[in-house]
Amino acid sequence: NAGVTQTPKFQVLKTGQSMTLQCAQDMNHNSMYWYRQDPGMGLRLIYYSASEGTTDKGEVPNGYNVSRLNKREFSLRLESAAPSQTSVYFCASRREDRNYGYTFGSGTRLTVV
Amino acid sequence: LAKTTQPISMDSYEGQEVNITCSHNNIATNDYITWYQQFPSQGPRFIIQGYKTKVTNEVASLFIPADRKSSTLSLPRVSLSDTAVYYCLVGNSGSARQLTFGSGTQLTVLP
């Protein structure tokens, strides 16, 4: 019963480097989300995917790209990392029935130097 | 999407009951109210969800007045381990869009 799995847990990048954050869920949820959380702030939505094959921008999409590889996997890519992207990144999936609760992964702590 | 307003922070002592109120004046007819809990270095965790009146589970109670323009999360006899950020979200399953997580309420339980 893994839920939402994110990799890696920690990452340090140099400015200009690229990387992909991986996310997978095993709950057969249609919707998946990427959030970032900066110190003392709430979660801000980067991108989401309502279903396999679709993606949409959230509140703060600039500097990121996403891929919904299949129903289980939703990856987030930083093409050219910037210090402003230093943050904790959370992936989540969501049920679509009456209890539409989110299930979150444990997060990826990214530092861009 | 309904906007929510919560206190930024609250302090309490161990063993006390804590009530955190959330305002959501423009809640829609088919919206539900959901509360999440977040510990440091972890993702938010679902606590409770309700539509009207009162809902209770093993962790908390949720009180929703008839006009549904606010809701109150009640945590009975808090312990130090209840120190966390609590988020109130309003929305419905019919929308595939995201819900907005505000800054939440930082609850600090003191010994």
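Everything discussed here concerns the structure shown above.
Given the structure is predicted, the values throughout are model-derived calculations rather than measurements.

## Considerations on the sheet that holds strand β9 (residues 105-110) of chain B
Residue and element names in this part refer to chain B.
- With mixed pairing, 5 strands are arranged side by side in an open sheet as β1-β9-β8-β3-β4. The outermost strands of the open sheet, each flanked by one partner alone, are β1 (9-13) and β4 (45-50). Here the strands of the sheet are splayed against their neighbours by 25° on average, with no regard to which way each runs.
- In this structure, strand β8 (residues 84-91) lies alongside β9, joined through 3 bridges in antiparallel fashion. Paired with V85 across the strands is Q106, a residue of β9.

## Let's talk about the side chain of S71 of chain B
Residues and elements named next belong to chain B.
- As for its position among the elements, S71 is in strand β7 (residues 70-75).
- You can call S71 buried: its relative accessible area is 0%.
- Engagement of the side chain of S71 in a polar contact is seen with the side chain of H24, the distance being 3.0 Å.
- Leaving out residues up to four positions away in the same chain, S71 has contacts with I20, T21, C22, H24, I33, W35, L62, F63, I64 and C88.

## Thoughts on the sheet that holds strand β2 (residues 18-23) of chain B
Residue and element names in this part refer to chain B.
- Spatial strand order, β2-β7-β6-β5: 4 strands in an open sheet with antiparallel pairing. The open sheet has two free edges, formed respectively by β2 and β5 (53-56), since each of these has just one partner strand. With direction set aside, neighbouring strand axes in the sheet form an average angle of 15°.
- Bridging between β5 and strand β6 (residues 61-64) involves 4 bridges; their strand directions are antiparallel. From the neighbouring strand, T53 faces β6, where its bridge partner is I64.

What counts and how
Residues numbered from 1 in each chain as written. Chains lettered and ligands numbered in written order. Predicted model: local features only at pLDDT ≥ 70, side-chain atom pairs only at ≥ 80, totals over all residues. Heavy atoms only, no water. Pairing = 2+ DSSP bridges. Helix = DSSP H or I, 4+ residues; strand = E, 2+ residues; numbered from the N terminus. Axes fitted to C-alpha atoms, helices over the stretch in contact; angles between N-to-C directions. Buried < 20%, exposed > 50% of the residue type's maximum accessible area, 1.4 Å probe, protein only. Polar contact = N/O pair within 3.5 Å; in protein donor to acceptor, adjacent residues only side chain to side chain. Contact = heavy atoms within 4.5 Å.

Scope: geometric values only; no functional claims are made or implied.
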